[in-house]
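Inside the fold
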Amino acid sequence: MSQRLRITRSMQEENAEQALTLEQCKQYFADKSGFSYSQVYTVQGAESTMSIEGDFFMWSHEGAEYPFRLYMGDLYVALSMEAIVPVILEIATDLRADVVEG
């Protein structure tokens, strides 16, 4: 099972813009190579397919896609492989946010 990380500003008391907004994220990820926006994330298993509605910024890497989900002002991502770590840290730095478990 993979660890879930959250990119958040909620711990920054001095930051007036604590929540990450959809508009901010769309603008940010539009300029990021390898990312696309989707309102549905589909997971296909051996016997079934599940679709989840939401705001997803999909990162394509080596033929696979990894979802960054915007939910209630935070971006959530599964730490499913080591190559995603520098991407998470870059996004958090660019958005002036922290990375926490959860």
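Structure: see above.
The paragraphs below set out a description of the structure included in this document. (Residues numbered from 1 in each chain as written. Predicted model: local features only at pLDDT ≥ 70, side-chain atom pairs only at ≥ 80, totals over all residues. Heavy atoms only, no water.)

The subject of this paragraph is the pairing of strand S2 (residues 35-44). Relative to strand S3 (residues 49-61), S2 runs antiparallel, the two being bridged by 9 bridges. The partner of Gln44 across the bridge, within S3, is Thr49. The turn joining S2 and S3, which pair antiparallel and follow one another in sequence, is formed by 4 residues. (Pairing = 2+ DSSP bridges. Helix = DSSP H or I, 4+ residues; strand = E, 2+ residues; numbered from the N terminus.)

All right, on to the packing of aromatic side chains then. Under the defined criterion, the tally for this structure stands at 9 aromatic pairs. Note on Phe29 and Phe57: the rings are 4.6 Å apart at their centroids and 20° apart in plane angle, and the pair reads as stacked. Here the residue Phe29 occupies a position in helix H1 (residues 22-30), and Phe57 occupies one in strand S3, the gap between them amounting to 28 residues. Neither residue differs from the other here; Phe29 and Phe57 are each classed as buried. Arranged with centres 5.7 Å apart and planes meeting at 45°, the rings of Trp59 and Tyr66 form a pair that is tilted. The burial state of Trp59 is the same as that of Tyr66; both residues are buried. Taken together, the ring pairs in this structure connect Tyr28, Phe29, Phe35, Tyr37, Phe57 and Phe68 into an aromatic cluster. Note that Lys26 overlies the ring of Tyr37, its terminal NZ or CZ placed 4.6 Å from the centroid. (Phe/Tyr/Trp six-rings, centres within 6.5 Å; stacked < 30°, edge-to-face > 60°. Buried < 20%, exposed > 50% of the residue type's maximum accessible area, 1.4 Å probe, protein only. Lys NZ or Arg CZ within 6 Å of the ring centre and 35° of its normal.)

Once that is clear, we can look at a nonpolar patch on the surface. On the surface, a cluster of nonpolar side chains totalling about 200 Å² of accessible area is made up of Val85, Leu89 and Val99. Tracing the chain through its elements places Leu89 in helix H2 (residues 84-94). (Patch = residues over 30% accessible without salt bridge, like charges linked within 9 Å, V, L, I, M, F, W, Y side chains within 5 Å. Areas by Shrake-Rupley, 256 points an atom, 1.4 Å probe, with all protein chains shown as cover. Salt bridge = Lys/Arg side-chain N within 4 Å of Asp/Glu carboxyl O.)

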